Amino acid sequence: MYISGDHSGKGRYLCTKCSKALYLEDSFDILPLCPECGNQQFLVG
Ligand SMILES: [Zn+2]
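Residues numbered from 1 in each chain as written. Predicted model: local features only at pLDDT ≥ 70, side-chain atom pairs only at ≥ 80, totals over all residues.

To continue, consider the pairing of strand β2 (residues 11-15). The pairing of β2 with strand β3 (residues 21-24) spans four bridges and is antiparallel. Its bridge partner being in β3, G11 is matched across the sheet by L24. Count of turn residues in the β2/β3 antiparallel hairpin: five residues, of which S19 carries a positive phi of about 65°. When β2 meets strand β4 (residues 41-44), the two strands line up antiparallel, connected through three bridges. What sits directly across from C15, in β4, is F42. (Pairing = 2+ DSSP bridges. Helix = DSSP H or I, 4+ residues; strand = E, 2+ residues; numbered from the N terminus.)

Quick look at the structure:
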C-alpha cells in the first residue's frame, strides 16, 4: 500500500477506491492524489 506523497518509484499504481491507474515515469516522482476521486491510497498495479 502506498500513500500520496510517497516516493513510491517508477511504475503503475491503482487507486484503492476507483481503480484508476496512475503511471509514474520517474523514480523521483511523488505519488499524487487520485485525479478521479481524491483518494490517497494506492496499490502497485
Ligand atoms: Zn480514485
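Here we take up the nonpolar core. With five residues, the main nonpolar core is built from Y13, C15, L22, C34 and F42. Beyond its immediate sequence surroundings of up to four residues, C15 is in contact with K20, C34, E36, C37, N39 and F42. (Core = buried A, V, L, I, M, F, W, Y, C linked by C-beta atoms within 7 Å. Buried ≥ 20, exposed ≤ 12 C-beta atoms within 10 Å, placed from the backbone. Contact = placed C-beta atoms within 7 Å.)

Let's shift gears to the environment of S4. The residue S4 is located in the loop between β1 (2-3) and β2 in this model. In this structure S4 touches L31, P32, L33 and Q40, once residues within four positions along its chain are discounted.

In this section: the sheet that holds β2. Ordered by their spatial adjacency, four strands build an open sheet running β1-β4-β2-β3, and the pairing between neighbours is antiparallel. Two strands close off the open sheet at either side, each with one partner strand: β1 and β3.

Moving on: the environment of L22. The residue L22 is located in strand β3 in this model. What makes L22 buried here is the crowd of 21 C-beta atoms within 10 Å. Once you skip the residues sitting within four places of it in the chain, L22 turns out to touch Y13 and F42.

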